[in-house]
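Each chain is listed here by its residues.
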Amino acid sequence: MSRAADGPHPHPLTPAELPDGDDWCHGCPDCHLPIQGGGAGLIAHRRTVHTSAGDPRQRITIDLPF
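Not measured: the values here are computed from a predicted model.

## Focus on the overall build of the protein
Piece 1. Secondary structure assignment for the protein yields one helix and two strands.
Piece 2. From first element to last, N terminus to C terminus, the protein shows the α and β order β-β-α.
Piece 3. The buried share of the protein, taken over its 66 residues, is 18%.
Piece 4. Across the protein, every contact between residues at least 6 apart in sequence was considered, and the portion connecting residues at least 24 apart equals 27%.
Piece 5. Entry remark: accessible area of the protein is about 5400 Å², with carbon and sulfur atoms responsible for 57%.

## Re the pattern of salt bridges
Piece 1. With the rule as written, the count across this model stands at one salt bridge.
Piece 2. Measuring nitrogen to oxygen at the nearest pair gives 3.5 Å for the salt bridge that ties Arg 46 to Asp 30. In this pair, Arg 46 sits in helix H1 (residues 38-48) while Asp 30 sits in the loop between strand E1 (25-27) and strand E2 (34-36), placing the two residues 16 residues apart along the sequence.
Piece 3. When its relative accessible area of 34% is taken as the criterion, Arg 46 is described as partly exposed.

## Comments concerning H1
Piece 1. When we look at burial in H1, the residues that qualify are Gly 38, Gly 41, Leu 42, Ala 44 and His 45. For H1, the buried positions fall inside an angular range of 160 degrees around the axis, keeping them on one side.
Piece 2. Contact partners of the buried residues in H1: E1 and E2.

## Some remarks on the confidence of the model for the protein
Piece 1. Put simply, the protein has an average pLDDT of 77, and 71% of its residues get 70 or more.
Piece 2. For the protein, per-element mean pLDDT is lowest for E1, which scores 82, and highest for E2, which scores 85.

## Points about unusual backbone geometry
Piece 1. With a phi angle near 65 degrees, His 32 is a residue other than glycine that sits in the positive phi range.
Piece 2. Assignment of secondary structure puts His 32 in the loop between E1 and E2.

Basis of the calculations
Residues numbered from 1 in each chain as written. Predicted model: local features only at pLDDT ≥ 70, side-chain atom pairs only at ≥ 80, totals over all residues. Heavy atoms only, no water. Helix = DSSP H or I, 4+ residues; strand = E, 2+ residues; numbered from the N terminus. Buried < 20%, exposed > 50% of the residue type's maximum accessible area, 1.4 Å probe, protein only. Contact = heavy atoms within 4.5 Å. Areas by Shrake-Rupley, 256 points an atom, 1.4 Å probe, with all protein chains shown as cover. Salt bridge = Lys/Arg side-chain N within 4 Å of Asp/Glu carboxyl O. Arc of directions from axis to C-beta. pLDDT = per-residue confidence, 0-100.

In structure tokens, the structure reads:
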């Protein structure tokens, strides 16, 4: 389901737009993906990825021959 109709995510676009003390890039504590945009970016990530329907990503297992 596309959320494009909802408009852009409400998170800062540059490090200069972040509140004092907020980090521009850090990882999501739930899925460990790198998140940009500080705390607001993390909130937007959780709203789109970690929904009540669960994590929409598919786990991929790759068997490497040795």
